[in-house]
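# Structural description and commentary
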Amino acid sequence: MISVMGLTKDFGSLSVLRGVDAEITKGEVVSIIGPSGCGKSTFLRCINCLETPTSGTIWVDGVDLMDPTVNLPKVRQHMNMVFQGFNLYEHLTVLENLTLAPIKLAGMSQADAEERARELLHQVGLAEREDHFPKELSGGQKQRVAIARCLAMDPDVVLLDEPTSALDPTMVTEVLAVIRNLAKQGLTMLIVTHEMDFAREVSNRVFFMKDGVIHEQGPPSQIFDAPKLEETRAFTQRVRSLELNLDSLAIDLYGMQGQVVRFCEKHLLTKNIQFNLTVILEEVYQLLKPAIADGHKFSVSIQYSEKQRATQFVLTMPIGYEGVMQEFVHEREAYEAKDLGTQLISGMTSAVALEEGALTTRLVLEIADRTAS
């Protein structure tokens with residue numbers, strides 16, 4: 001249905017899309033998620049030819065959109081887009097907004113266009129608003145009209161660019177309910193959204209975009225529950241992190257502890273977690289000082305998952321230097337009895353694990369909050 005290969009888009013010296021490859025089959029619902037500025041909306045706009053790609057190819061239902069001879073208005077009759085800002089004609093009634101394109105572009109009679117428009121307004125719950133002007137509607141109602149207008153041309157593909165981003169939170173549910181019903185009708189849909197629970201529920205596949213490429217893609221169960229990449233996990237779990245380097249005996253340990261405290265305050269973590277993290281940082285540094293003196297470099301990531309309400313202390317070590325930490329994990333009780341520092345670390349953690357990679361090993365400490373109830 002849609003095939004994208006090597007898609008790039010530059011705005012001057014700014015590269016927004018950096019080689020996007022994607023295949024979307026007929027009837028598939030794909031949600032596109034990712035941080036702001038990663039290229040999600042630009043990707044949709046390129047597919048709909050509202051932006052001209054710098055390079056790459058886009059095929060839609062066998063038509064090469066990069067072919068300079070292609071009839072783009074005709075292609076767009078079968079591929080409509082719903083925008084963040086509604087884009088309704090303020091001087092036209094709701095019914096007139098829905099009938100304009102079918103009459104002017106598709107040659108439909110006014111009677112047939114109005115009949116179809118009324119069917120769609122009923123479908124989106126606005127049958128009694130056909131004579132209203134956009135200024136008389138709420139934001140959620142405007143977006144539902146925009147969705148109905150998109151469907152009035154009977155498109156094969158529907159592109160939705162953050163359809164709830166301009167709405168008050170109380171109006172988001174009504175719009176998502178309409179889109180959810182559309183997804184059951186077999187339309188091919190690409191949805192840029194920041195509503196993670198909605199993306200999980202409605203999608204056949206999810207694209208996670210980052211830095212202008214599709215970083216990871218898969219079914220919702222993979223992307224949200226078992227992502228293959230750390231960047232995907234951090235985004236879907238809404239992980240906030242603080243990165244620190246333990247690579248010199250001359251580091252400002254007290255300054256780092258201050259950064260940890262500020263990180264905890266910013267994310268409203270408890271005083272108990274603040275204290276545990278600062279103590280663990282100091283004790284880990286003391287345990288690693290001999291290795292740091294020998295030139296080994298370590299990094300620490302303090303990670304807080306807003307979704308899971310969980311805090312981790314993650315120590316990344318070069319392969320070959322698991323040493324003290326490996327003994328701590330695998331022979332924890334015996335080792336704790338010998339060392340005060342590891343006793344402190346153990347008392348402040350609820351779980352400990354080693355994750356071995358190709359080049360590094362990660363020690364993951366789940367931080368306990370004994371004051372939480």
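My aim in this report is to walk through the structure given alongside it, one point at a time. All figures in this text were calculated on a predicted structure; none of them were measured in a lab. (Residues numbered from 1 in each chain as written. Predicted model: local features only at pLDDT ≥ 70, side-chain atom pairs only at ≥ 80, totals over all residues. Heavy atoms only, no water.)

### With respect to unusual backbone geometry
A positive phi is found at Asn-87, a non-glycine position, where the angle reads about 55°. You will see that Arg-309, though not glycine, has its phi angle at about 55°, which is positive. Inspection of the secondary structure puts Arg-309 in the loop between β12 (298-305) and β13 (310-318). By relative accessible area, which is 66% here, Arg-309 ends up exposed. (Helix = DSSP H or I, 4+ residues; strand = E, 2+ residues; numbered from the N terminus. Buried < 20%, exposed > 50% of the residue type's maximum accessible area, 1.4 Å probe, protein only.)

### Things to note about the nonpolar core
Leu-98, Ile-147, Leu-160, Ile-179, Met-189 and Ile-191 are the most contacted members of the largest nonpolar core, which totals 35 residues. The greatest single-element share of this core, amounting to seven residues, is contributed by helix α6 (residues 169-183). Every residue in contact with Ile-179, bar those within four places of it in the chain, is listed here: Ile-147, Leu-160, Pro-163, Met-189, Ile-191 and Phe-198. Of all hydrophobic cores here, the second largest spans 34 residues; its members include Leu-244, Tyr-285, Leu-288 and Leu-365. (Core = buried A, V, L, I, M, F, W, Y, C linked by side-chain atoms within 4.5 Å. Contact = heavy atoms within 4.5 Å.)

### Points about the packing of aromatic side chains
For the structure shown, the criterion picks out one aromatic pair. Ring centres of Phe-208 and Phe-235 lie 5.3 Å apart, and the angle between their planes is 35°; this geometry places the pair in the tilted category. In this pair, Phe-208 is assigned in strand β9 (residues 205-210) and Phe-235 in helix α9 (residues 230-236), connecting sequence segments 27 residues apart. By relative accessible area, Phe-235 is classed as partly exposed at 24%. For the cation-ring pair, Lys-9 lies above Phe-11, with the distance from its terminal atom to the ring centre recorded as 4.9 Å. (Phe/Tyr/Trp six-rings, centres within 6.5 Å; stacked < 30°, edge-to-face > 60°. Lys NZ or Arg CZ within 6 Å of the ring centre and 35° of its normal.)

### Considerations on the pairing of strand β2 (residues 14-24)
Alignment of strand β1 (residues 2-11) against β2, held across eight bridges, turns out to be antiparallel. Residue Val-4 lies in a different strand from β2, and its bridge partner there is Ala-22. (Pairing = 2+ DSSP bridges.)

### Examining the sheet that holds strand β7 (residues 157-161)
Overall, mixed pairing links the six strands, which are arranged β6-β7-β8-β3-β9-β10 in an open sheet. Pairing within the sheet leaves two strands with one partner each, and these edge strands are β6 (79-82) and β10 (213-218). Between one strand and the next, the sheet's axes are offset by a mean angle of 20°, whatever the strand orientation. In terms of strand pairing, strand β3 (residues 29-33) meets strand β8 (residues 188-192) through four bridges, oriented parallel. Each residue of the ladder has a partner; that of Val-30, found in β8, is Leu-190. On the sheet, helix α1 (residues 40-47) packs against β3, β6, β7, β8 and β9 and is oriented at approximately 145° with respect to β8. In the packing of α6 onto the sheet, contacts are made with β3, β7 and β8, and the angle to β8 comes to roughly 150°. (Axes fitted to C-alpha atoms, helices over the stretch in contact; angles between N-to-C directions.)

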